[in-house]
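Observations on the three-dimensional arrangement
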Amino acid sequence: MNIGSKILAFGKALPKKVVTNFDLESLMDTSDDWITQRTGIKERRVADESIGENSTTLAAAAAKSCFEQAKKLNPEFDIKPSDIDLIICSTATSDNLFPSTACMVQPLLGIESCAGFDISAACTGFIYALNIADTFIKSGQYKNVLVLSVDLMSRYVDWSDRRTAVIFGDGAGAVLLTAVPEADASFKGFYLNAKADKDQALYLKNTRSHYPVKAEDIDTKPEMVSMNGQAVYQFAVKALPESIEQACAKANVDPSTIDWVVPHQANYRILESAAKRFNLPMEKFICNIEKYGNTSSASIPIAFHEAIEEGRIVKNGKKQTIAMAGFGAGMTWGAAVIEF
Ligand code: UT7
């Protein structure tokens, strides 16, 4: 019997601290009007280490919220943390270069041991991790796979750089997959792509890999995110529709018949341009950028989790066709078309 993977639930975790556009007005030369009009963002969350918020704890909290949602949506599967065979975490802001976040979350979830590793594909990381998870399940190697995405971009943006800092926020997302007969599988088509960012449109350098650190360097300013917003924008308005089109082609789905699109939340205008391209109403695009800004690879699972909790993506027996699509540094881009 052929095996496929079924999505049981999504999870999310967000830091407590809210930073509004008005708060940013006192940090840099910007305004609530400018940020709202150019991006759709009103506020974002910022992690606070003094209350224990870091990539590991937020990823673990997202996993717990995912198990909670799984209990409500798919109680018959009854999968507990101890049943997980593999954790894949997509992050660009792991608390350590090693050990991976996928390893460090295990004790927080009560997991004694399971396979685990992190991947790096920036804002497209969630889609890459999903495809890897699905492939492991289809191969028969693992039955229950937990995918985590966490990014704390607030720790890497220059809070005096108005061209970059205003769009990012912190957060974590999760999804739980399990092996099922192919006929019940969620995934219908994937598309992944990547191309070297030779023009350095979106970069976060790892200073220490460029030269050995000397004692006198310890107090120097760490590397910050560097972004050419317009170049990334131009890339994104092509990459998002291309990803959806290509994944739909693999799934044999006409993009104009999609029930929902859950896109990477980078800029409301990028989503509007994709909606226009497919002649889809904006109501079909799940968008929560107003509340959280761009949470990098965490943005898709956070948005999916909320849409289910708010009763927007309702599971009432009728299967819906949903596209999830991401784009970001690398440059990377990709999409997954599912039945949910
Ligand atoms: O996850 C993927 C990662 N990144 C993205 O997806 C980002 C994609 N890019 C974008 O979302 C947009 O390019 C931004 C929101 C970053 C910038 O919006 P824009 O419409 O492309 O603005 P711009 O960079 O062309 O700047 C227009 C003007 C400039 O002023 P001048 O030179 O025309 O006088 C900027 O200096 O707006 C100014 N500006 C700002 N003003 C107030 C740039 N940032 C700000 C700001 N507040 N925060």
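Residues numbered from 1 in each chain as written. Predicted model: local features only at pLDDT ≥ 70, side-chain atom pairs only at ≥ 80, totals over all residues. Heavy atoms only, no water.

What about the overall build of the chain?
- Scanning the chain from N- to C-terminus turns up twelve helices and 13 strands.
- C-alpha extents for the chain along the principal axes are approximately 60 × 50 × 35 Å.
- Taking as baseline every contact in the chain between residues at least 6 positions apart, the subset at least 24 positions apart corresponds to 77%.
- Here the chain has roughly 15200 Å² of accessible surface; of this, 50% comes from carbon and sulfur atoms.
- Between the averaged position of the 35 positive side-chain charges in the chain and that of its 41 negative side-chain charges there is a distance of 4 Å. (Helix = DSSP H or I, 4+ residues; strand = E, 2+ residues; numbered from the N terminus. Contact = heavy atoms within 4.5 Å. Areas by Shrake-Rupley, 256 points an atom, 1.4 Å probe, with all protein chains shown as cover. Lys, Arg positive; Asp, Glu negative; His and termini not counted. Charge placed at Lys NZ, Arg CZ, Asp CG, Glu CD.)

Looking at the site of the ligand
- Lining the immediate environment of the ligand, one finds 21 residues, of which Thr-30, Gln-230, His-264, Asn-267 and Asn-294 sit closest.
- Trp-34 has a polar side-chain atom sitting 3.3 Å from an oxygen atom of the ligand.
- Taking 940 Å² as the accessible area of the ligand by itself, protein coverage stands at 79%.
- Listing elements by their share of the shell around the ligand, those giving two or more residues are α2 (32–39), α7 (162–165) and α9 (229–251). (Near = heavy atom within 4 Å. Polar contact = N/O pair within 3.5 Å; in protein donor to acceptor, adjacent residues only side chain to side chain.)

Remarks on the sheet that holds strand β12 (residues 321–328)
- Taken in spatial order, the four strands line up as β8-β13-β12-β11 in an open sheet, and their pairing is mixed. In the strand order of this sheet, the two ends are held by β8 (187–194) and β11 (260–263), each with one partner. On average, each strand axis in the sheet is inclined to that of its neighbour by 10°, with strand direction left out of account.
- Where β8 and strand β13 (residues 332–339) come together, seven bridges link them in antiparallel fashion. Along β13, the bridge assignment pairs Leu-192 with Gly-334. (Pairing = 2+ DSSP bridges. Axes fitted to C-alpha atoms, helices over the stretch in contact; angles between N-to-C directions.)

Regarding the nonpolar core
- By size, the foremost hydrophobic cluster in this structure holds 34 residues, and its most contacted members are Phe-304, Ile-313 and Met-324.
- Here the element with the most residues in this core is helix α6 (residues 125–139); it accounts for seven residues.
- The two domains that each donate at least three residues to this core are domain 1 (3–185) and domain 2 (188–339).
- Aside from chain neighbours lying at most four places away, what touches Met-324 is Ile-7, Phe-10, Phe-126, Ile-127, Leu-130, Val-262, Ile-300, Phe-304, Gly-334, Ala-335, Ala-336 and Ile-338.
- Among the nonpolar cores identified, the runner-up in size contains 29 residues, and Ala-247, Ala-275, Ala-335 and Val-337 belong to it. (Core = buried A, V, L, I, M, F, W, Y, C linked by side-chain atoms within 4.5 Å. Buried < 20%, exposed > 50% of the residue type's maximum accessible area, 1.4 Å probe, protein only. Domains from an automatic or database assignment.)

Details of the pairing of β11
- Burial of β11 is two-sided: the residues Trp-260 and Val-262 facing one way and the residues Val-261 and Pro-263 facing the other way are all buried.
- By the bridge criterion, four bridges tie β11 to β12 in an arrangement that is parallel. Residue pairing in the sheet places Val-262 in a bridge with Met-324 of β12.

Considering the domain arrangement of the chain
- We note that the domain assignment places domain 1 (3–185) and domain 2 (188–339) within the chain.
- Using C-alpha coordinates to define each centre, domain 1 is positioned 13 Å away from domain 2.
- With 52 residues of domain 1 at the contact, the number on the domain 2 side is 49 residues.
- Buried area between domain 1 and domain 2, both sides added, is near 4100 Å², and the carbon and sulfur share of it is 62%.
- On the domain 1 side of the interface with domain 2, the three residues burying the most area are Phe-10, Cys-123 and Ile-127, jointly 16% of the side's total.
- Between the two partners, domain 1 and domain 2, sit two salt bridges. (Buried area = accessible area lost by both parts, 1.4 Å probe. Salt bridge = Lys/Arg side-chain N within 4 Å of Asp/Glu carboxyl O.)

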